[in-house]
Amino acid sequence: MKSSLVFGLFLVVICWIHPVISKDALLETVTKHGQLSVNGIHLVDKDGEKVQLKGMGLFWSIWMPYFYNKTTVDGIKNLCHSNVVRPMIAVDTQSGGYLTDPDAENALVDAVIEAAIADDIYVLIDWQDFEAENHLDASIEFFDRLSKKYGSYPNIIYETYNEPITKDWSAVIKPYHEAVIAAIRANDPDNVIILGTPNYSTGLDLAVADPITNQSNIMYSLHFYAGTQQEPFREIARGAIKKGLPVFVTEYGTVNADASPPVNKEEMDLWYDLLEEYGLSYVNFAISDKDEGASALIPGTTPEHVCEEEYLTESGKIAVEHNKA
Ligand SMILES: *[C@@H]1O[C@H](CO)[C@@H](O)[C@H](O)[C@H]1NC(C)=O
Ligand SMILES: *[C@@H]1O[C@H](CO)[C@@H](O)[C@H](O)[C@H]1NC(C)=O
Ligand SMILES: *[C@@H]1O[C@H](CO)[C@@H](O)[C@H](O)[C@H]1NC(C)=O
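Just so it is clear, the model here is predicted, and its values are computed rather than measured. (Residues numbered from 1 in each chain as written. Chains lettered and ligands numbered in written order. Predicted model: local features only at pLDDT ≥ 70, side-chain atom pairs only at ≥ 80, totals over all residues. Heavy atoms only, no water.)

A look at the site of ligand 2
To keep it simple, the criterion reads: Distances are taken per atom, and a residue is near a molecule or strand as soon as one of its heavy atoms is within 4 Å of it. Pairs of N or O atoms within 3.5 Å make up the polar contacts considered here, provided that, within protein, one atom can donate a hydrogen while the other can accept it, and that residues adjacent in sequence are counted only when both atoms are side-chain atoms. Under the convention used here, a 1.4 Å probe and the Shrake-Rupley method define accessible areas, while residue burial counts only the protein chains that appear. Asp, Glu, Lys and Arg are counted as charged, while Ala, Val, Leu, Ile, Met, Phe, Trp, Tyr, Cys and Pro are counted as nonpolar; the rest, among them Gly, fall into the polar class.
The full set of residues close to ligand 2 is Lys167, Asn199, Gln229 and Phe233. Gln229 places a side-chain nitrogen or oxygen 3.1 Å from an oxygen atom of ligand 2. Here ligand 2 loses 43% of its free accessible area of 360 Å² to cover by the protein chains. Of the residues that constitute the shell around ligand 2, the class distribution is 1 nonpolar, 2 polar and 1 charged.

Structure (structure tokens):
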């Protein structure tokens, strides 16, 4: 009893001396951290040390394919101080996507993956779907190809389902994830797989009530927009993390959930406090030059100017400041 108490105090002191210290993500490369895995609630590197990924998400592949190339990824890494980029592969929209033109989407995702590998950063591959349970065959085909082609690179992270609309975790979302995980694991035994959670990836409480227990290197995604999801959602996230759920913020915005302004600085600071408290990884939405609040770039920005100071919006500047800190 006494020795375990002493040991407990020892751990508290160690954790206090070594919190997850946020660093400039630009310097935290794949060469430095290598193969990632999940230990308890933490993302850890090849040496078992906690690691935090911070970076930028691309806009929907079908609407901004011009940002799906190495020139953009270079800017995201070097000037937006990122060690992760998130291609957002459209699946089923009025303007098309993987279901109507898989070859076009495969070419776009491959270009970003190869740029990320060349630039020594991680790449989070997002299946940008809201009803992925209705497109399971296409999703398996997509992730099977990618995990065969790139599964041996430590750069790769899979995100199987952007934002489930449904709240039915156990009967609908979880079985979908299990089927996609099985397809990926047949080719890639170890890269991290991140799972979308109910209610647009805000319902971590529903996932932690019935987590996947027979797999390793699995995390759960949390999305938030500071103008829309506030303290009640932080409470849900904290509660799930305290129960042991490993969480990765694959998408966040400084504005409202519909991407409209204004930037909510005060709520964003409260969210950043939570992210740093638990050392969570996070990816900002988005590298986009659309005239809307969530865009990190001003209208008309081309790949050559991605993340240059004078092309960043108010939202973009906040994201970069935190990637750097
Ligand atoms: C990326 O796209 C831009 C705009 O189309 C182009 O100017 C640039 O050369 C491309 N970069 C590469 C590496 O292909
Ligand atoms: C789902 O999220 C919305 C806001 O994004 C919130 O208003 C609603 O209460 C949430 N529903 C549940 C069941 O948590
Ligand atoms: C994990 O459990 C699920 C649900 O019971 C099952 O479908 C799946 O095959 C299991 N996977 C492994 C690797 O055991």
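Side note on empty space enclosed by the protein
Heads up, the condition is: With a 1 Å grid spanning the protein atoms alone, the term cavity applies to any set of points in which a 1.4 Å probe fits but cannot get out, the term pocket to an open set with protein on both sides within 12 Å along at least five of seven lines, and the term lining residue to any residue with an atom within 4 Å of a point. Grid points are joined across faces, edges and corners, and a volume is the space filled by probe spheres set on the points.
Following the criterion strictly, the structure yields 1 cavity of 30 Å³ or more and no others. Reported here for the largest cavity is a volume of approximately 80 Å³. Forming the boundary of the largest cavity are 14 residues, of which His42, Leu43, Tyr278, Gly279 and Leu280 lie nearest the centre. Residues of the lining of the largest cavity, tallied by class, amount to 9 nonpolar, 4 polar and 1 charged.

A word on the environment of Asn199
To keep it simple, the criterion reads: Only DSSP runs of H or I covering at least 4 residues are called helices, and only runs of E covering at least 2 are called strands; the numbering of each starts at the N terminus. The cut-offs for exposure are 20% and 50% of the maximum accessible area for each residue type, with area from a 1.4 Å probe on protein chains only; residues under the lower value are buried, those over the upper are exposed, and the others partly exposed. Pairs of residues are marked as contacts when any of their non-hydrogen atoms sit within 4.5 Å.
Within the secondary structure layout, Asn199 lies in helix α7 (residues 198-201). Owing to a relative accessible area of 28%, Asn199 belongs among the partly exposed residues under this scheme. Measuring from C-alpha to C-alpha, the distance between Asn199 and Tyr252 comes to 15 Å, with 53 residues separating the pair along the chain. The contact partners of Asn199, leaving out residues within four places of it in the chain, are Pro164, Ile165, Thr166 and Lys167.

Remarks on the sheet that holds strand β7 (residues 193-195)
The pairing of strands in a sheet comes from backbone hydrogen bonds and takes either a parallel or an antiparallel form. What counts is decided by this rule: One bridge is not enough; two strands pair if DSSP finds at least two bridges between them. Orientation is described by axes fitted as lines to C-alpha atoms, over the contacting stretch for helices, and by angles from 0 to 180 degrees between their N-to-C directions.
Read once around its circumference, the closed barrel built from 8 strands follows the order β3-β4-β5-β6-β7-β8-β9-β10, with strand pairing classed as parallel. Each strand axis lies, on average, 25° off the axis of its neighbour in the sheet, ignoring direction. Across 4 bridges, strand β3 (residues 54-60) lies against strand β4 (residues 84-90) in parallel orientation. The partner of Gly55 across the bridge, within β4, is Val84. Lying over the sheet, helix α3 (residues 70-78) contacts β3, β4 and β10 (282-287), oriented at roughly 150° with respect to β3. Across the face of the sheet, helix α5 (residues 136-150) comes into contact with β4, β5 (122-128) and β6 (156-159) while running at roughly 165° to β5.

Some points on the UniProt feature "domain: Glycoside hydrolase family" (unreviewed entry) in the protein chain
What counts is decided by this rule: UniProt positions are given in the numbering used here, feature names are shortened, and annotations may be inferred rather than shown by experiment.
Following the UniProt record, one finds the feature "domain: Glycoside hydrolase family" (unreviewed entry) at residues 44-290. Between the end C-alpha atoms of residues 44-290 there is a gap of 35 Å, over a span that is 38% helix and 20% strand.

Points about the pattern of salt bridges
The following threshold applies: Salt bridges, as used here, are contacts in which a Lys or Arg side-chain nitrogen is within 4 Å of a carboxyl oxygen on Asp or Glu.
If you walk through the whole model with that rule in mind, you get 17 salt bridges. Of the charged contacts in the structure, one is a salt bridge between Arg234 and Glu267, with a shortest N-O distance of 2.9 Å. Of this pair, Arg234 sits in helix α9 (residues 231-242) while Glu267 is found in helix α10 (residues 265-278), placing the two residues 33 residues apart along the sequence. When salt bridges with common partners are traced through the structure, they connect Glu231, Arg234, Glu235, Arg238 and Glu267 into a single cluster.

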